[in-house]
Amino acid sequence: MNTLFLHCRPGFEGEVCAEISDLAARLDVPGYSKTKPGSACAEFVCSEAADGERMMRSVRFNSLIFPRQWARGGFVMLPESDRISVLLDALADYPVCGSLWLEVVDTNDGKELSTFCKKFEAPLRKALLKAGKLVDDAKKPRLLLTFKSGREVFAGIAEADNQAMWPMGIPRLKFPREAPSRSTLKLEEAWHHFIPREQWDQRLAPGMTAVDLGAAPGGWTWQLVNREIRVTAVDNGPMAESLMYSGFVVHQRADGFTFRPRHPVHWMVCDIVEKPARTAAMIETWLGEGLCREAVVNLKLPMKQRYAEVRRLLDRIESGLVERGLKVSIGCKQLYHDREEVTCHLRRHGK
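Computed from a prediction, not measured in an experiment: that's the story for all the values here.

## Points about the overall build of the protein chain
Turning to step 1, where the next piece is worked out: Of the regular secondary structure elements, the protein chain holds 11 helices and 14 strands.
Turning to step 2, where the next piece is worked out: Its C-alpha atoms give the protein chain a radius of gyration of 22 Å, within 12% of the compact-globule value 20 Å for 351 residues.
Turning to step 3, where the next piece is worked out: Taking the principal axes of its C-alpha atoms as reference, the protein chain extends roughly 65 × 45 × 35 Å.
Turning to step 4, where the next piece is worked out: Burial statistics for the protein chain: of 351 residues in total, 55% are counted as buried.
Turning to step 5, where the next piece is worked out: In the protein chain, the proportion of contacts linking residues at least 24 apart, taken out of those at least 6 apart, comes to 66%.
Turning to step 6, where the next piece is worked out: Accessible area of the protein chain: about 16,600 Å², with a carbon and sulfur share of 49%.
Turning to step 7, where the next piece is worked out: Treating the 50 positive side-chain charges of the protein chain as one cloud and the 45 negative ones as another, the clouds have centres 3 Å apart.

Next up, the structure:
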């Protein structure tokens, strides 16, 4: 069990390798990363199995930027028939797990395997229960089986509280027909990822105030209005009429990078297409000057060295806020609904 298997968005395998290798170096874990372009996954092979366990115990999954899911284990080759017996033998040294997820990688070939997984899950679950390798206990590790084909599966485990909240890291969110654009799902997913669900009523409460920079036509504004948050929508373009009729939106035709609210707001959200360095500077200004308490902002990515650039910008934002004497928690993730971008969440603590 010396291999970490990581899911990602197709085309970002190199970023996952760069990030996990950087992490291993900081933890002094010997090993190497490997991947294939377009495979939607990457591996980090540790010199010792204990090193893989140490990495996963030392790092919170939610702090990783580009991986969608991770697990520690190894590959198992399956025959055409009696796959379950071979899997049970391979899992003999694995701990008893409290739940089971069958996953595939996010490629066309992976999607074609989904039907197989659905048919295979019930008999496999029954066999695991009978063998005592699976019990109903949410505190125990989860068994994550990622099928790369009907004959090859990565058998991995992850702690129940230190992995993606959805299989493959892909949320099952339904597009609201009333929303003016599909970008609305980015903000909803960001809330799921960065804010514990039991805190939504407190941190996304009716009557709060928000500014949406680059709002038109209103996909992100819709999410805020849906929670009865009063929004100043900043954009030179038109907003959806349905939002303007809601009574919760004031439209300001202005440049999102120069706009400042008259009074501090609870939330600032921004999905403007702009160079990431300029957006990072804007984030530091809003949090640093106390213009908002929390923010969700997308950083558009360059064509090359994407992990290095994101890391540099996050370090720059953090150091700038520390210099101001502020305590701000910063999270960053390439969400499922992101494309060539990552989503940042920042929360200011104290006054």
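Now that the structure has been shown, we can carry on.
## Description of the environment of Ala164
Turning to step 1, where the next piece is worked out: Note on placement: Ala164 falls in the loop between strand E7 (152-158) and helix H6 (184-194).
Turning to step 2, where the next piece is worked out: A residue is classified by how much of its surface remains accessible, and Ala164, at 6% relative accessible area, is buried.
Turning to step 3, where the next piece is worked out: Remark: the alpha-carbon pair of Ala164 and Glu103, spanning 61 residues in sequence, is separated by 12 Å.
Turning to step 4, where the next piece is worked out: Setting aside residues up to four positions removed in sequence, Ala164 forms contacts with Phe61, Arg68, Gln69, Trp101 and Gly169.

## Remarks on the pairing of strand E12 (residues 292-300)
Turning to step 1, where the next piece is worked out: Of all 9 residues making up E12, 8 are buried, and the element is well covered by its neighbours.
Turning to step 2, where the next piece is worked out: With 5 bridges connecting them, strand E11 (residues 265-270) and E12 associate as parallel partners. Bridging from a neighbouring strand, Val265 pairs with Cys292 of E12.
Turning to step 3, where the next piece is worked out: In this view, the connection linking E11 to its parallel neighbour E12 by way of helix H10 (residues 276-288) has right-handed handedness.
Turning to step 4, where the next piece is worked out: Bridge analysis of E12 against strand E14 (residues 341-349) gives 7 bridges, and the strand direction is antiparallel.

## Considerations on the domain arrangement of the protein chain
Turning to step 1, where the next piece is worked out: Taken domain by domain, the protein chain consists of domain 1 (1-167) and domain 2 (181-346).
Turning to step 2, where the next piece is worked out: When each unit is reduced to the centre of its C-alpha atoms, the spacing between domain 1 and domain 2 is 32 Å.
Turning to step 3, where the next piece is worked out: Taken together, both faces of the contact between domain 1 and domain 2 bury some 1,600 Å²; the carbon and sulfur share is 55%.
Turning to step 4, where the next piece is worked out: Linking domain 1 to domain 2 there are 1 salt bridge.
Turning to step 5, where the next piece is worked out: The residue Arg306 makes a salt bridge to Glu15 at a minimum N-O spacing of 3.1 Å.
Turning to step 6, where the next piece is worked out: One can count 7 residue pairs in polar contact (both at pLDDT 80 or more) joining domain 1 with domain 2.

## Let's talk about the sheet that holds strand E4 (residues 69-77)
Either a parallel or an antiparallel arrangement is found when strands of a sheet pair, and the pairing is made through backbone hydrogen bonds.
Turning to step 1, where the next piece is worked out: Pairing is mixed in the open sheet, where 7 strands are placed in the order E2-E3-E1-E4-E7-E6-E5. Each edge of the sheet is formed by a strand with only one pairing partner; in this case those strands are strand E2 (31-35) and strand E5 (99-104). Direction aside, the axes of adjacent strands within the sheet are offset by 30° on average.
Turning to step 2, where the next piece is worked out: Pairing geometry for strand E1 (residues 3-7) and strand E3 (residues 41-46), over 5 bridges, is antiparallel. Paired with His7 across the strands is Cys41, a residue of E3.

## Remarks on the pattern of salt bridges
Turning to step 1, where the next piece is worked out: Inspection of every chain in the model, using the stated rule, returns 22 salt bridges.
Turning to step 2, where the next piece is worked out: Ionic pairing is found between Lys34 and Glu43, a salt bridge with its closest N-O pair at 3.9 Å.
Turning to step 3, where the next piece is worked out: Given a relative accessible area of 13%, Glu43 falls into the buried group.
Turning to step 4, where the next piece is worked out: With a closest N to O distance of 2.9 Å, Arg278 and Glu274 form a salt bridge.
Turning to step 5, where the next piece is worked out: Taken together, the shared-partner salt bridges connect Lys186, Asp271, Lys300 and Glu341 into one network.

What counts and how
- Residues numbered from 1 in each chain as written.
- Predicted model: local features only at pLDDT ≥ 70, side-chain atom pairs only at ≥ 80, totals over all residues.
- Heavy atoms only, no water.
- Helix = DSSP H or I, 4+ residues; strand = E, 2+ residues; numbered from the N terminus.
- Rg over C-alpha atoms; globule rule 2.2 N^0.38 Å.
- Buried < 20%, exposed > 50% of the residue type's maximum accessible area, 1.4 Å probe, protein only.
- Contact = heavy atoms within 4.5 Å.
- Areas by Shrake-Rupley, 256 points an atom, 1.4 Å probe, with all protein chains shown as cover.
- Lys, Arg positive; Asp, Glu negative; His and termini not counted.
- Charge placed at Lys NZ, Arg CZ, Asp CG, Glu CD.
- Pairing = 2+ DSSP bridges.
- Right-handed = clockwise from strand over helix to strand, strands pointing away.
- Domains from an automatic or database assignment.
- Buried area = accessible area lost by both parts, 1.4 Å probe.
- Salt bridge = Lys/Arg side-chain N within 4 Å of Asp/Glu carboxyl O.
- Polar contact = N/O pair within 3.5 Å; in protein donor to acceptor, adjacent residues only side chain to side chain.
- Axes fitted to C-alpha atoms, helices over the stretch in contact; angles between N-to-C directions.

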